[in-house]
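# Inside the fold
For reference, the chains in residue letters:
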Amino acid sequence: MKKKLYLVRHGQTLFNEKNLIQGWCDSPLTPLGHKQAKAVRKWLDEHHIEPDSYYCSTLGRTEQTIQDITDQPYTRVPGLKEFHYGSLEGEPISKGNPGGKDPAHMYVPFGGEAREEVEKRMVDTLTEIMEKDPGDTILACAHGACSFRFASAIDPKKAKKLRKFDNCIIYDFDYEDGKFTLNDIINEHVKDLKPDTPSQLSVMIDQ
């Protein structure tokens, strides 16, 4: 039987706003982040999509996002955590590409994960969710890098062609006979959203 998976990136966080590497460390959603998450909820309503079950990672920013998306119970799953960048976490984004001869393993010397580790973790976790959950439609909230690595593991050419960088983008997958199919990466609901006012969190951290 064919099932649906909607994989959603979390809303904008303080670290996103400040262009800092996040990974397994965490920061709260900004007002824009909450606005983006509520836009996911509106998009689901407009498309008459009612997920049977909700999941998020164990990091607070996905839990904040899922709470804006639904009033229903949700399950926190460690395997949906972001790509781990090791000692580079909390550093400026400009340090996020240390280079080297092997890009797939460039974070390992810093105590982070290799690309294939993240892909396997995401594929294993989401496969288990789709196999064990009795629902037909699942929504899971995860992170930017790990979600793209999952999409790349499923269909690298299509993932690269469709890639978008907005917070709260929605990856649309089918799941049938143990296999995922990437249908689309959707940003129509968030691509034009702007903050109403400067983030008070950002002001506080600059003081």
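Residues numbered from 1 in each chain as written. Predicted model: local features only at pLDDT ≥ 70, side-chain atom pairs only at ≥ 80, totals over all residues. Heavy atoms only, no water.

## Let's talk about the pattern of salt bridges
All chains considered together, the criterion is met by 13 salt bridges. The partner of Asp26 in a salt bridge is Arg61, and the shortest N-O contact between them spans 2.9 Å. Remark: Arg61 occurs in helix α3 (residues 60-69) and Asp26 occurs in the loop between α1 (14-17) and α2 (31-46); sequence separation between them is 35 residues. Take Asp26: its relative accessible area is 32%, and that puts it in the partly exposed class. The exposure class of Arg61 is buried, given its relative accessible area of 1%. (Salt bridge = Lys/Arg side-chain N within 4 Å of Asp/Glu carboxyl O. Helix = DSSP H or I, 4+ residues; strand = E, 2+ residues; numbered from the N terminus. Buried < 20%, exposed > 50% of the residue type's maximum accessible area, 1.4 Å probe, protein only.)

## Structural notes on the side chain of Glu82
With respect to the helices and strands, Glu82 occurs in the loop between β3 (75-76) and α4 (115-132). Look at Glu82: it is buried, it has no salt bridge, and the nearest opposite charge is Arg61 at 5.0 Å. Looking at Glu82, its side chain comes within polar contact range of the main-chain nitrogen of Cys146, at 2.8 Å. Apart from residues lying up to four places away in sequence, Glu82 is in contact with Gly23, Trp24, Leu59, Arg61, Glu113, Arg121, His143, Gly144, Ala145 and Cys146. (Lys, Arg positive; Asp, Glu negative; His and termini not counted. Polar contact = N/O pair within 3.5 Å; in protein donor to acceptor, adjacent residues only side chain to side chain. Contact = heavy atoms within 4.5 Å.)

## Some remarks on the confidence of the model for the protein
Taken over all residues, the pLDDT of the protein has a mean of 94, while the share at 70 or more is 95%. Contacts of residues 201-207 to residues separated by more than four positions or lying in other chains number 10 contacts, the stretch itself having pLDDT below 50. (pLDDT = per-residue confidence, 0-100.)

## Quick notes on the packing of aromatic side chains
Under the defined criterion, the tally for this structure stands at nine aromatic pairs. An angle of 5° between the planes, with centres 6.3 Å apart, marks the rings of Tyr171 and Phe173 as stacked. Seen from their ring centres, Phe173 and Phe180 are 6.1 Å apart, and the 80° between their planes marks the pair as edge-to-face. The same class applies to Phe173 as to Phe180, namely buried. What links up through ring pairs into an aromatic cluster is the set Phe150, Tyr171, Phe173, Tyr175 and Phe180. The ring of Trp24 carries Lys81 above its face, with NZ or CZ at 3.6 Å from the centroid. Across the ring face of Phe148, the terminal group of Arg163 is positioned such that the distance to the ring centre comes to 3.7 Å. (Phe/Tyr/Trp six-rings, centres within 6.5 Å; stacked < 30°, edge-to-face > 60°. Lys NZ or Arg CZ within 6 Å of the ring centre and 35° of its normal.)

## Considerations on the nonpolar core
Grouped together as the largest cluster of nonpolar side chains are 33 residues, with contacts concentrated most on Leu5, Leu7, Leu80, Met122, Leu126, Tyr171 and Phe173. If you list the elements that add at least two residues to this core, you get β1 (3-9), α4, β4 (137-142), α5 (144-154), α6 (156-162), β5 (170-176) and β6 (179-186). Residues in contact with Tyr171, not counting those within four places in the same chain, are Leu5, Tyr6, Leu7, Gly144, Ser147, Phe148, Ala151, Leu182, Asp184 and Ile185. Counting 18 residues, the second-largest nonpolar core is a separate cluster that includes Tyr6, Ile49, Tyr54 and Ile69. (Core = buried A, V, L, I, M, F, W, Y, C linked by side-chain atoms within 4.5 Å.)

## Points about the environment of Gly33
By the secondary structure assignment, Gly33 is in helix α2. Taking the C-alpha atoms as reference points, Gly33 and Arg115, 82 residues apart in sequence, are found 27 Å from one another. When sequence neighbours within four positions are dropped, the list of residues in contact with Gly33 reads Gly11 and Gln12.

## Things to note about the sheet that holds β5
Spatially, β3-β2-β4-β1-β5-β6 is the arrangement adopted by the six strands of the open sheet, whose pairing is mixed. The two strands at the open ends of the sheet, each matched to only one other strand, are β3 and β6. The pairing of strand β2 (residues 53-56) with β3 spans two bridges and is parallel. Looking at β3, one finds that Tyr55 is bridged to Thr75. Running over the sheet, α5 touches β1, β4, β5 and β6 and is turned about 40° from β5. (Pairing = 2+ DSSP bridges. Axes fitted to C-alpha atoms, helices over the stretch in contact; angles between N-to-C directions.)

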